[in-house]
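Spelled out, the chains give:
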Amino acid sequence: MYNGGKVVAALVVFAVIITSPFLINIGKAVEAPQLSLNTPVINQMSDKKCVESAEFMRTEHMQMLNDWRDQVVRNGETVYVSSSEQEFEMSLENSCLKCHSNKQEFCDSCHTYAQVDPYCWDCHTDTKGAGQ
Amino acid sequence: MDRRSFLKLLAVTGVGGVAVFEGINQFGATEAAEIKKSSKALQGKHWGMVIDVSKFQNAEDFKRIAKACHTYHNVPDIGDPKQEIKWIWQDDFEHTFAELESSYLSEKIKQQQFPVLCNHCESPACVRVCPTKATFKRDDGIVAMDYHRCIGCRFCMAACPFGARSFNFFDPRPYIKEINPEIPTRTKGVVEKCTFCVERLDKGLRPLCEEASHGGIVFGDLDDPNSEVRKVLGENFSIRRKVELGTGPSIYYIFGGGGQSA
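The structure presented is a predicted model; accordingly, all values stated were derived computationally and were not measured.

Trainee: In this structure, what is going on with the overall build of chain B? I would like to understand it.
Mentor: Of regular secondary structure, chain B possesses 9 helices and 11 strands. At 24 Å, chain B has a C-alpha radius of gyration far larger than the 18 Å of a compact globule built from 262 residues. When its C-alpha atoms are laid out on the principal axes, chain B stretches across 90 × 45 × 40 Å. The buried share of chain B, reckoned over its 262 residues, is 45%. Entry remark: accessible area of chain B is about 13900 Å², with carbon and sulfur atoms responsible for 54%. The average position of the 35 basic charges and that of the 34 acidic charges among the side chains of chain B differ by 5 Å.

Trainee: So what exactly am I meant to see when it comes to the environment of Met145(B) here?
Mentor: In this fold, Met145(B) is placed in strand S6 (residues 143-145). Separated by 101 residues in sequence, Met145(B) and Gly246(B) have C-alpha atoms that sit 21 Å apart. Not counting residues within four places of it along the chain, the set of residues in contact with Met145(B) comprises Val73(A), Ala134(B), Thr135(B), Phe136(B), Cys150(B), Arg165(B), Val191(B) and Glu192(B).

Trainee: Hey, could you run me through the packing of aromatic side chains in this one?
Mentor: Aromatic rings in a pair are described by how distant their centres are and how their planes are angled relative to each other. All names here are of chain B. Taken as a whole, this structure holds 12 aromatic pairs over all chains when the rule is applied. On the numbers, 4.8 Å between centres and 20° between planes, the contact of Trp47 with Phe219 is stacked. Remark: Phe219 occurs in strand S9 (residues 217-221) and Trp47 occurs in strand S2 (residues 47-52); sequence separation between them is 172 residues. For the pair formed by Trp47 and Phe219, the shared burial category is buried. Here the aromatic residues Phe93, Phe97, Phe114, Tyr253 and Phe255 are joined through ring pairs into a cluster of three or more. A cation over an aromatic ring shows up here: Arg154 above the ring of Phe167, its NZ or CZ 4.6 Å from the ring centre. Taking the ring centre of Tyr72 as reference, the NZ or CZ of Arg200 above it sits at 5.5 Å.

Trainee: How should I be thinking about the pairing of S9(B) in this particular structure?
Mentor: The side chains of a regular strand alternate between the sheet's two faces. Residues and elements named next belong to chain B. Most of S9 is tucked away: 5 of the 5 residues are buried. One ladder, built from 5 bridges, connects S2 with S9; its direction is antiparallel. For Met49, the partnering residue across the bridge sits in S9 and is Phe219.

Trainee: Explain the side chain of Glu210(B) here, please?
Mentor: All names here are of chain B. Tracing the sequence through the fold places Glu210 in helix H8 (residues 208-212). Judged by relative accessible area, which is 13%, Glu210 ranks as buried. Leaving out residues up to four positions away in the same chain, Glu210 has contacts with Ile217, Val218 and Phe219.

Trainee: How do you make sense of unusual backbone geometry when you look at a structure like this?
Mentor: Only a minority of non-glycine residues have a phi that is not negative, and only a minority of peptide bonds are not trans. Residue and element names in this part refer to chain B. For Asn74, which is not glycine, the phi dihedral falls at a positive 55°. Inspection of the secondary structure assignment puts Asn74 in the loop between helix H2 (59-72) and strand S3 (88-92). When its relative accessible area of 1% is taken as the criterion, Asn74 is described as buried. A positive phi angle, near 45°, is found at His120, a position not held by glycine.

Trainee: Before we go on, may I ask you to explain the nonpolar core in this structure?
Mentor: Residues and elements named next belong to chain B. Met49, Leu117, Phe196 and Tyr253 are the most contacted members of the largest nonpolar core, which has 40 residues in total. Breaking this core down by element, the ones donating at least two residues are S2, H2, S3, strand S4 (113-117), helix H7 (198-201), H8, S9 and strand S11 (251-254). Examining the composition of this core, we find that 5 residues originate from one element, H2, more than from any other. If we skip the residues at most four places from it in the chain, Phe196 touches Trp47, Gly48, Met49, Leu117, His120, Ile142, Leu201, Pro207, Phe219 and Ile251. Listed in part, the 10 residues of the second largest apolar core include Cys126, Val143, Cys156 and Phe167.

How each quantity is defined
- Residues numbered from 1 in each chain as written.
- Chains lettered and ligands numbered in written order.
- Predicted model: local features only at pLDDT ≥ 70, side-chain atom pairs only at ≥ 80, totals over all residues.
- Heavy atoms only, no water.
- Helix = DSSP H or I, 4+ residues; strand = E, 2+ residues; numbered from the N terminus.
- Rg over C-alpha atoms; globule rule 2.2 N^0.38 Å.
- Buried < 20%, exposed > 50% of the residue type's maximum accessible area, 1.4 Å probe, protein only.
- Areas by Shrake-Rupley, 256 points an atom, 1.4 Å probe, with all protein chains shown as cover.
- Lys, Arg positive; Asp, Glu negative; His and termini not counted.
- Charge placed at Lys NZ, Arg CZ, Asp CG, Glu CD.
- Contact = heavy atoms within 4.5 Å.
- Phe/Tyr/Trp six-rings, centres within 6.5 Å; stacked < 30°, edge-to-face > 60°.
- Lys NZ or Arg CZ within 6 Å of the ring centre and 35° of its normal.
- Pairing = 2+ DSSP bridges.
- Core = buried A, V, L, I, M, F, W, Y, C linked by side-chain atoms within 4.5 Å.

Here's what the structure looks like:
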């Protein structure tokens, strides 16, 4: 190989530069976001429960909201009967955000951490009337 | 590998792939026991409206219904008529009933303004042209919009003979004085229009313009012979806008007696 030494050296430098974000952050795990449940409505609840279990909501809320949207908008079906037989109105504004009135500390903290930018908030507003 | 074993392998991987895909898909299921309509929801087969023009005599009558509708539904007040968003507004006889044009209209009719809104047609042109089915017709006759699907092509605006649709050329939020937190706003690049207060009907409430009209607007099921709208239509001469186009508007206009403002 012509200029073998230089090529290998350049390759090593290239590999280091490419992997530098990982090398720099080795061993420095960013803390998982802490979700705040400190809102007036939630504080008043004796049994602090969402429409489904917390684990289910954590992993499936996006799929659930998609289903809710289609049911409400296209079929006019507005009532969700949960697996525990409780009835809820399927509405981001009038159900989810009534309890989770702290969008910044609840929704946004995870979304920002995971770098997802759901376009829900282009139209749907948080309760203060200033959805971002 | 010979042809025979290659085909066998292909079949096995294909079946296996489908099985794995189905397994993954299982996780997406919602846990709901049931999803249903509210027991309070108003039931109808063909919602319609009768507007008594005689109850709309001064500017205040129009302002009241438009304000009730627009503040509740977060309709922005942009001001510029080229970019304005409107769900319910007013127009004169010549523009509302263009096909009834006459050189010898009475002065009273020439002066009269008419409340106009989406006609929730029986065979809506906007639904036919929508490429994404964002605009669709519900079983109860309401021409509804799914803003999530709207791509802003504006075919529906071109198709609608009543000019009932408005386009959001920019983010409407800065033009909404006070956002009603119970109703979403719209966003840049979607078309919007009157919804016949569909979200209120699904909760058992009646349309806001009817409530604000002091009896000038009657809402009800045109398919039900005992409904209030059918009673009013049975007792009065009524006209609809541009029936010759065959879209079948569900908004009827009557020229009731009295001539008194509501």
